[in-house]
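# Architecture and fold: a report
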Amino acid sequence: MKQEEKEQETEGVEERVVDVIVVGAGIGGLSCAGLTAKYGLSTICLEAHDTPGGVAHSFSRYSTASKDTPFRFDSGPSLITGLSKPSTNPLRQVLDALETADDIVWKTYDGWLIWDYSDGKSIKLTTGDGGDFERAIEEKEGRPSRLAFEAFKEQILKDGGLAEASAYIPPFALRNGNPFWSLVAISRYIGKIITIGTKGLLLTGPFTKTMDLYSLKDPWVRKFFDYLAFALSGVDASNTQGAPIAYMMSDLHRNGAVLDYPMGGMESLIQALVNGMKQQGGELRLNSRVERFLLEEDETSSSVRCVGVELHDGTRIKAKKGVVSNAPLWNYARILRDSVDMNDSTSLKTTVVQSIQDQADSMTMTRSFMHLHLGIPKDGLPEDLECHHSVLNFDHPVTDEQNMSIISIPTVFDSSLAPDGYHIIHAYTAASDSFDDWVPFQKETGKVGANPNSVTSQSYSRKDGYEELKAQKAEALWKAVECIIPDVRERAKRKGSVVLVGSPLTHRRYNQRYRGTYGPGVNPGKDVWELAGATTPIHGLYACGDTSFPGIGLPGVAASGTIAANTIAPIAAQLELMDELKSKGMLQ
């Protein structure tokens with residue numbers, strides 16, 4: 001460790017100097033921290049909770065079923081594609097760069113079930129190009145719907161089509177800040193940019209424009225793409241950019257396409273990112289809530305610079321190159337407000353911080369979640385139970401409150417996630433629960449405590465109707481799971497079972513999500529997200545995560561972390577890493 005990086009005591013306060021500080025150990029933050037370390041920059045990643053992963057973290061619960069083996073639950077996403085082998089998926093490319101992609105054992109499988117309340121039928125979305133999904137569409141909705149889907153898919157997946165164009169420019173070629181260096185980095189893909197041409201308007205515009213251009217009129221197929229868009233972004237196809245849906249079409253329906261599940265749960269994926277960061281020289285510090293950003297005014301340039309952070313325990317860490325916030329915009333705007341005297345109208349720091357708060361106030365957010373985590377006996381259940389399921393009513397808009405539930409049963413693949421003889425189930429309403437119903441039970445709007453099990457911050461009242469409302473709102477999830485396991489309630493009452501019901505307040509508290517939100521929504525008068533890049537109005541303060549470009553989803557946040565790391569790194573280091581990955585066949 002270099003001398004300037006060593007910890008020292010100054011007036012009773014621990015101080016330290018590194019090149020880069022990353023605030024938040026979600027997938028975006030871990031991607032960024034791992035890559036800045038890979039670029040040779042001394043890096044520390046600070047996480048308020050006692051476990052990394054952000055929304056994708058895992059947690060354990062024990063029951064009388066076993067004193068040795070816990071139920072190991074994923075808190076968030078578990079439907080993944082493009083990670084089990086080198087691909088254009090930005091998260092896979094980060095793992096390749098950190099040299100830990102092969103640390104994960106992947107279970108590959110061929111799709112998931114969609115249950116439709118409107119007709120009581122289910123349909124399996126089967127991956128690959130074998131035609132199974134198309135035949136299932138015909139069986140459920142008739143031949144015209146099948147033909148409409150096939151014609152549209154052919155347009156999207158054809159050589160040089162929208163799906164291919166959506167993956168032309170890897171995040172490793174992107175950086176923000178100095179326009180000249182940004183052009184140097186992306187210049188290697190100038191031919192691809194020219195090839196994209198007018199397709200760029202479809203990639204950045206709402207996916208409904210693509211459906212209209214390619215004359216997709218079949219009502220059910222259009223509803224299907226609303227469903228797919230909502231599962232990705234929390235909004236329907238009219239408000240979701242074409243790029244992520246076109247990319248997903250390729251991930252799902254190209255020849256040989258599969259879905260991936262990390263054995264050991266999402267924890268194994270998070271650990272691969274953590275291990276990669278550490279192997280590159282980075283450091284992860286848990287239970288380290290950032291209380292304030294350290295801001296300085298530069299009167300000469302009339303600018304404000306972030307030079308470090310102060311933790312909840314008084315520790316100060318300085319950053320020579322930059323501080324990257326993986327916290328959502330709403331969260332880090334609050335930390336910034338706590339960093340300055342907002343009553344001092346003459347301060348340049350106050351003016352700049354207020355501009356960021358105004359940006360946060362104007363950003364629309366998607367809704368929140370109800371969660372149901374179950375550990376139940378699996379005796380008598382089918383051996384061929386599918387892992388993933390979506391349950392909704394296609395006769396209603398997918399955006400209706402609590403219309404869509406998503407269910408995962410990962411012990412179908414990995415029995416080690418539960419005591420012998422049990423399944424674990426995670427069901428949640430997909431960004432379709434209003435937070436307003438829960439505001440009366442909210443005690444405090446501040447930051448998450450260093451210990452998420454503490455009630456000292458972001459706490460809420462469990463009295464005066466909270467449990468009753470939670471039971472009422474969880475009913476949609478119980479009914480959805482009953483589509484797959486009709487006697488789930490009886491199983492949940494057996495000795496040794498675990499039942500955990502989480503509300504939007506729970507989601508807010510444990511995942512550090514302002515108002516329990518899934519992420520950014522579409523602002524009024526706009527068609528799709530308009531998200532800022534890695535730079536902020538404060539010099540030396542950067543951003544990644546789902547409120548930064550390109551937005552929500554595991555690939556999106558990994559891409560944002562990559563772009564932030566590139567922006568801080570010397571251009572020579574960025575180009576060298578691109579060459580290294582391309583030489584190994586890990587970058588297009």
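Residues numbered from 1 in each chain as written. Predicted model: local features only at pLDDT ≥ 70, side-chain atom pairs only at ≥ 80, totals over all residues. Heavy atoms only, no water.

Going by an unreviewed UniProt entry, the protein chain carries the name Carotenoid isomerase and comes from Nitzschia inconspicua.

## Considerations on the packing of helix α1 (residues 27-38) against helix α18 (residues 554-568)
Two quantities define a packed helix pair, namely the angle between the helix axes and the distance between the axes. Between α1 and α18, the least distance of the axes is 7 Å, while the angle of their chain directions is 35°. Remark: the crossing between α1 and α18 carries right-handed chirality. Facing Ile27, Gly28, Ser31, Cys32, Leu35 and Thr36 of α1, the residues of α18 in contact are Leu554, Val557, Ala558, Gly561, Thr562, Ala564 and Ala565. Across the contact of α1 with α18, the residue classes tally to 8 nonpolar, 5 polar and no charged. (Axes fitted to C-alpha atoms, helices over the stretch in contact; angles between N-to-C directions. Helix = DSSP H or I, 4+ residues; strand = E, 2+ residues; numbered from the N terminus. Left-handed = near helix turned anticlockwise from the far one by under 90°. Contact = heavy atoms within 4.5 Å. Nonpolar A, V, L, I, M, F, W, Y, C, P; charged D, E, K, R; others polar.)

## Regarding helix α19 (residues 571-583)
Counted at 1.5 Å a residue, the expected span for α19 with its 13 residues is 18 Å, and the 18 Å between its end C-alpha atoms agrees. Of the positions making up α19, those classed as buried are Ile571, Ala573, Gln574, Leu575, Leu577, Met578 and Leu581. In the core, the buried residues of α19 are packed alongside α1, α2 (90-98), α6 (179-186) and α18. Phi turns positive one or two residues past the end of α19, at Gly585, with a value near 75°. (Expected span 1.5 Å × (residues − 1). Buried < 20%, exposed > 50% of the residue type's maximum accessible area, 1.4 Å probe, protein only.)

## Remarks on the nonpolar core
Ile114, Phe149, Phe224, Phe225, Tyr227, Leu228 and Met404 are the most contacted members of the largest nonpolar core, which totals 57 residues. Not counting residues within four places of it along the chain, the set of residues in contact with Ile114 comprises Lys121, Ser122, Ile123, Leu125, Phe224, Tyr227, Ser390, Leu392 and Phe394. Among the nonpolar cores identified, the runner-up in size contains 53 residues, and Leu95, Ala185, Met277 and Ala534 belong to it. (Core = buried A, V, L, I, M, F, W, Y, C linked by side-chain atoms within 4.5 Å.)

## Notes on the sheet that holds strand β10 (residues 259-262)
Overall, antiparallel pairing links the 3 strands, which are arranged β6-β10-β7 in an open sheet. Of all strands in the sheet, those bounded by a partner on one side alone are β6 (80-81) and β7 (106-109). Bridge analysis of β6 against β10 gives 2 bridges, and the strand direction is antiparallel. When the bridges of β10 are listed, Ile80 appears paired with Asp260. (Pairing = 2+ DSSP bridges.)

## Points about a nonpolar patch on the surface
Together, Ile190, Ile193 and Ile194 make up a nonpolar patch on the protein surface, roughly 280 Å² of accessible area in all. As for its position among the elements, Ile194 is in helix α7 (residues 190-196). For Ile194, a relative accessible area of 63% corresponds to the exposed category. (Patch = residues over 30% accessible without salt bridge, like charges linked within 9 Å, V, L, I, M, F, W, Y side chains within 5 Å. Areas by Shrake-Rupley, 256 points an atom, 1.4 Å probe, with all protein chains shown as cover. Salt bridge = Lys/Arg side-chain N within 4 Å of Asp/Glu carboxyl O.)

## A closer look at the sheet that holds strand β18 (residues 422-429)
Strand order in the open sheet made by the 7 strands is β9-β8-β16-β17-β18-β15-β19, with mixed pairing throughout. The open sheet has two edge strands, β9 (121-126) and β19 (498-502), and neither has a second partner. In this sheet, adjacent strand axes meet at a mean angle of 20° when their direction is disregarded. Where strand β16 (residues 388-392) lies against strand β17 (residues 405-408), 4 bridges are found, and the strand directions are antiparallel. Bridged to Ser390 within β17 is Ile406.

## Some thoughts on empty space enclosed by the protein
Using the criterion set out here, one finds 3 cavities of 30 Å³ or more in the structure. Taken as a whole, the largest cavity holds about 50 Å³ of empty space. Looking at the lining of the largest cavity residue by residue, the classes come out as 3 nonpolar, 4 polar and 3 charged. (1 Å grid on protein atoms, 1.4 Å probe; cavity = no way out; pocket = protein on both sides within 12 Å on 5 of 7 lines; lining within 4 Å. Points joined across faces, edges and corners; volume = space filled by probe spheres on them.)

## Things to note about the pattern of salt bridges
Applying the stated criterion to the full structure yields 36 salt bridges. Here Asp437 and Lys473 are joined by a salt bridge, their closest N and O atoms 3.1 Å apart. Residue Asp437 is found in the loop between β18 and α15 (466-482), and its partner Lys473 is found in helix α15; the two are separated by 36 residues along the sequence. A single salt-bridge network, built from bridges that share partners, covers Asp379, Asp487, Glu490, Arg491 and Arg494.

## Thoughts on the confidence of the model for the protein chain
Mean pLDDT for the protein chain: 92, with 94% of residues reaching 70 or above. The model gives residues 1-12 a pLDDT under 50, and that stretch makes 18 contacts with residues more than four places away or in other chains. Counted against residues more than four places away or in other chains, residues 445-457, with its pLDDT under 50, gives 40 contacts. (pLDDT = per-residue confidence, 0-100.)

## Observations regarding the pairing of strand β12 (residues 290-298)
Here β12 pairs with strand β13 (residues 303-311) via 8 bridges, running antiparallel. Paired with Asp298 across the strands is Ser303, a residue of β13. Two successive antiparallel strands, β12 and β13, enclose a turn made up of 4 residues, where Ser302 displays a positive phi of approximately 50°.

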